[in-house]
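# A structural walkthrough
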Amino acid sequence: MRTTRTLIRRACLAAVAVSAALTLTACGGDSEAGDSSAPSPSVSAGTSAGSSAGAHNAQDVAFAQGMIPHHRQAVEMAGLADGRASSPEVKDLAARIEKAQGPEITTMTGWLKTWGEQVPEAMPGMDHSAHSGMAGMMDGADMEELGKASGKDFDSMFLTMMVEHHEGAVEMATTEKAKGEHPAAKAMSGDIITAQNAEISEMKKLLGED
């Protein structure tokens, strides 16, 4: 009796062992097939997106490095309107300029850091003469004169200077849109062209030029 039970038990154990071996073999085959397949879509997509986001050329760098101080001056000019401007329209325009261009400065600064490029320094008492050769930029004397003006004189001076400033920004953005490579930088340049051309028309109407 004991011999019969022993034989039956051994037979059962052998069957279980064979079944387990077949299962492991099947799983191993699936794993090997998976290893030979292409990388998962999520990994490929992430890598591709990262590469695309980082693609840029010298024009993109020049655009960001030039537009940052350009925007900083516009924000500084707009900040002078508070307490100096007499026209509600000028005050509203100045507030919109600050609201739009401040975040763009932050975005462009992020690009330059990601690209390993130099970010133009923001220094107290901005040296306007250092960038006076840039399209639309005011020099130190212009900024000093604007800072001393008030009332209707400020309104007129601010609008006249900002029209020129915006025209310079549109020129820079047009070059970026045509020659840049970085998708986000080109998209921002398009936004700048649209927004600032609209503001130029608005300011010319306030000046009585249109």
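The structure presented is a predicted model; accordingly, all values stated were derived computationally and were not measured.

## Examining the pattern of salt bridges
Applying the stated criterion to the full structure yields 4 salt bridges. The salt bridge partner of glutamate 202 is arginine 96, with a shortest N-O separation of 2.6 Å. Within this pair, whereas glutamate 202 is found in helix H7 (residues 183-206), its partner arginine 96 is found in helix H4 (residues 88-115), the two being separated by 106 residues in sequence. Residue class for glutamate 202 comes out partly exposed when judged on its relative accessible area of 26%. What you see here is one network of salt bridges that share partners, running through Asp92, Arg96 and Glu202.

## What to know about the environment of alanine 173
When you line up the elements, alanine 173 lands in helix H6 (residues 151-179). Looking at alanine 173, the relative accessible area reads 0%, which means it is buried. Taking C-alpha positions, alanine 173 is 9.2 Å from alanine 185, a pair spaced 12 residues apart along the chain. Beyond its immediate stretch of four places on either side in the chain, alanine 173 contacts Phe63, Met67, Ser189, Ile192 and Ile193.

## Some points on the packing of aromatic side chains
All told, the structure shown has 2 aromatic pairs when counted by the stated rule. Ring plane angle 20° and centroid distance 6.2 Å describe the contact between tryptophan 111 and tryptophan 115, whose orientation is recorded as stacked. Highlighted residues: tryptophan 111 and tryptophan 115, both in helix H4, separated by 4 residues, approximately one helical turn. As far as burial versus exposure is concerned, tryptophan 111 and tryptophan 115 are alike and both buried. Ring geometry for phenylalanine 154 and phenylalanine 158: centres 5.6 Å apart, planes at 20°, overall stacked. Remark: phenylalanine 158 and phenylalanine 154 occur in helix H6; sequence separation between them is 4 residues, near one turn of the helix. Given a relative accessible area of 0%, phenylalanine 154 falls into the buried group. Residue class for phenylalanine 158 comes out buried when judged on its relative accessible area of 0%.

## As for the environment of glutamate 199
As for its placement among the helices and strands, glutamate 199 is situated in helix H7. Counting along the chain gives 33 residues from glutamate 199 to histidine 166, while the straight-line C-alpha distance between them is 8.1 Å. One polar contact links glutamate 199 to histidine 166, side chain to side chain, over a distance of 2.6 Å.

## What about the nonpolar core?
By size, the foremost hydrophobic cluster in this structure holds 41 residues, and its most contacted members are Phe63, Met77, Met108, Leu146, Phe154 and Phe158. Sorting the residues of this core by element identifies helix H3 (58-80), H4, helix H5 (140-148), H6 and H7 as the ones contributing at least two each. Looking at which element gives the most residues to this core, the answer is H6, with 11 residues. Once residues lying within four places of it in the same chain are set aside, the contact partners of phenylalanine 158 are Met77, Ala78, Val90, Leu93, Ala94, Ile97 and Leu146.

## A short note on the side chain of glutamine 196
For glutamine 196, the location among the structural elements is in helix H7. Under the relative-accessibility criterion, glutamine 196 is labelled buried at 4%. Here histidine 166 takes part through its side chain, which lies 3.2 Å from a polar atom of the side chain of glutamine 196. Residues within four places of glutamine 196 in sequence aside, it is in contact with His71, Gln101, His166, Ala169 and Val170.

## As for the confidence of the model for the chain
When pLDDT is averaged across the chain, the result is 80; 69% of the residues are at 70 or more. pLDDT under 50 marks residues 1-9. Its contacts with residues more than four places away, or in other chains, come to 0 contacts. Overall, residues 11-52 carries pLDDT values under 50, and its contacts beyond four positions in sequence, including any with other chains, amount to 2 contacts.

## Structural notes on the packing of H6 against H7
As a packed pair, H6 and H7 sit with axes 8 Å apart at the nearest point and diverge in direction by 155°. The angle between H6 and H7 places the two elements in the roughly antiparallel class. As H6 packs across H7, the resulting crossing turns out to be left-handed. Here the residues of the contact of H6 with H7 are counted per class, giving 12 nonpolar, 6 polar and 6 charged.

Cut-offs and rules
Residues numbered from 1 in each chain as written. Predicted model: local features only at pLDDT ≥ 70, side-chain atom pairs only at ≥ 80, totals over all residues. Heavy atoms only, no water. Salt bridge = Lys/Arg side-chain N within 4 Å of Asp/Glu carboxyl O. Helix = DSSP H or I, 4+ residues; strand = E, 2+ residues; numbered from the N terminus. Buried < 20%, exposed > 50% of the residue type's maximum accessible area, 1.4 Å probe, protein only. Contact = heavy atoms within 4.5 Å. Phe/Tyr/Trp six-rings, centres within 6.5 Å; stacked < 30°, edge-to-face > 60°. Polar contact = N/O pair within 3.5 Å; in protein donor to acceptor, adjacent residues only side chain to side chain. Core = buried A, V, L, I, M, F, W, Y, C linked by side-chain atoms within 4.5 Å. pLDDT = per-residue confidence, 0-100. Axes fitted to C-alpha atoms, helices over the stretch in contact; angles between N-to-C directions. Parallel < 35°, antiparallel > 145°, perpendicular 65-115°, else oblique. Left-handed = near helix turned anticlockwise from the far one by under 90°. Nonpolar A, V, L, I, M, F, W, Y, C, P; charged D, E, K, R; others polar.

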